[in-house]
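The chain contents come next:
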Amino acid sequence: MTAIIEGTTSAKFAGIKDEFARNFAERGEVGASVCVSVNGETVVDLWGGIADVKTDTPWERDTISIVFSCTKAATALCAHILVDRGLLKLHAPVAEYWPEFAKNGKENTTVQMMLNHESAVPAFRDPVKPGGFLDWDYMIKRLEDEEAFWEPGTRNGYHMVNFGWTVGELVRRVSGKSLGQFFQDEVAGPLGADFWIGLPDDVTNPIARITPPTPDPTAELSPFTKKLMREPDSIQALSFLNNGGWNQNDPAAHKAEIGGGGGMANARGQVAMYEPLALGGSHKGVRLVSPERLAHMGQVSTATQIDATLLAPTRFASGFMKSMDNRAYPGGDQMSVIIGDAAFGHVGAGGSIGFADPEYGLAFSYTMNQMGMGLLLNDRGQSLVDATYRLLRE
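Keep in mind that what you see is a predicted model, and the values were worked out from it rather than measured.

Judged by nonpolar contacts, the single largest core of 119 residues is most densely connected at L77, L277 and F364. What L277 contacts, discounting residues up to four positions off in sequence, is L77, L288, V289, L294, M297, F344, A356 and P358. Counting five residues, the second-largest nonpolar core is a separate cluster that includes A120, A148, W150 and I235.

Below you can see the structure in the form of structure tokens.
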């Protein structure tokens, strides 16, 4: 596909534009944005292609799209802000803040376990009602009543969308604000970031239409995908498919506060959030967290050879993804995200990503509307990440 690409790059990082163009020409890109900041300076800000294949609408400078699980990083950041202020304690029982959750095998769950995807409610056994994901109170009640899938803290299993309600409800209970409002008041608003958890009525940014991936019949399936397809009662199938008919292109879904996968942003908006995290916790007069909290945020807090949900090795840092190179595993090209050793952030389903790397003062994001196979990064996003690190080191 030949695409019109707009925006700017510095001379040192011009090669990222070449890689971005190759995504359109060679890797099936439809519409996308990529932004890179180094030491607080924007060195790449590009966008291009088609935002809506049904109307042939171009991707504009301020186009936003759903960024799926990239939203988890925003949710985790809200929790860390409260930890930094002494209002939320990582190793306290969740029952101190949310007593209704502490039942059905979940009594000993801690705040840290929720951030680590260890709180044992990665899915719902009974069907989610139609539109359930758009109803915060309903989803919270379902989490309270759900029986633990394992003893909390004994293993981790990716809480695909539920992370947004487990951690998000802690934010709501402690701060007295909804997750989306807290994020807007404390992060996105002060930083001027085009990033929302629950899109307000007055936002006028164009919205890209998400297109699902086209399966490749020759690709090797990951264990996760095999379970998803063959065992309807598995954690894999329940966590991915039992979603009440969640339609990511529905305007009502854009307005809902789905902190585990419903955030709306573009690459520039995500980079604005990550810049302070790449620079000691503060940027342009906005302090998100202290340097001490920031150091903790980037450390691996849980790792496993077999994630109970993804069925692949995973590494997390208190709500953020760390680098995970699973390419040697079956279907591992769909279960990898390869970033710097000090980097932390989050991937979104289909291939979007945002992260900070304090070692380089780097904030990076890539968003798109044509989903790729798998839940983690694919060759489009990884090529941009690889090019960024290569140019940083030259």
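Right, let's get into helix α10 (residues 267-278). For an α-helix, 3.6 residues make a turn, and residues three or four places apart therefore share a direction. Between the first and last C-alpha of α10 there are 16 Å, a value that for 12 residues agrees with the 16 Å anticipated at 1.5 Å per step. Counting buried residues in α10 gives 11 out of 12 residues, a clear majority hidden from the surface. The positive-phi residue at the C-terminal boundary of α10 is G280, with phi of around 90°.

Our focus in this paragraph is the environment of F20. Relative to the assigned elements, F20 resides in helix α1 (residues 14-26). Each C-alpha atom, one on F20 and one on L199, is 28 Å from the other, the two residues being 179 residues apart in sequence. Not counting residues within four places of it along the chain, the set of residues in contact with F20 comprises I5, A32, S33, V34, L46, W47, G48 and L384.

What follows covers the packing of aromatic side chains. Across all of its chains, the model carries 12 aromatic pairs by this definition. A ring pair is formed by F20 and F24, whose centres lie 5.3 Å apart and whose planes are at 85°; its orientation type is edge-to-face. Residue F20 and its partner F24 are located together in helix α1, separated by four residues, close to a single helical turn. Since its relative accessible area comes to 0%, F20 is described here as buried.

Let's shift gears to the pattern of salt bridges. This model, assessed by the stated rule, comprises 20 salt bridges. For R380, the salt bridge is made with E29, and the minimal N-O distance between the two is 2.6 Å. Placement of R380 in helix α12 (residues 379-393) and of E29 in the loop between α1 and β2 (31-38) is noted, with a sequence separation of 351 residues between them. Like R380, the residue E29 is buried in the burial classification. In this structure, K227 and E231 form a salt bridge, with 3.2 Å as the shortest nitrogen-oxygen distance. Overall, the relative accessible area of 36% leaves E231 in the partly exposed class. Linked through salt bridges whose partners overlap, the residues forming this network are E100, E144, E169, R172 and R173.

Criteria and cut-off values
- Residues numbered from 1 in each chain as written.
- Predicted model: local features only at pLDDT ≥ 70, side-chain atom pairs only at ≥ 80, totals over all residues.
- Heavy atoms only, no water.
- Core = buried A, V, L, I, M, F, W, Y, C linked by side-chain atoms within 4.5 Å.
- Buried < 20%, exposed > 50% of the residue type's maximum accessible area, 1.4 Å probe, protein only.
- Contact = heavy atoms within 4.5 Å.
- Helix = DSSP H or I, 4+ residues; strand = E, 2+ residues; numbered from the N terminus.
- Expected span 1.5 Å × (residues − 1).
- Phe/Tyr/Trp six-rings, centres within 6.5 Å; stacked < 30°, edge-to-face > 60°.
- Salt bridge = Lys/Arg side-chain N within 4 Å of Asp/Glu carboxyl O.

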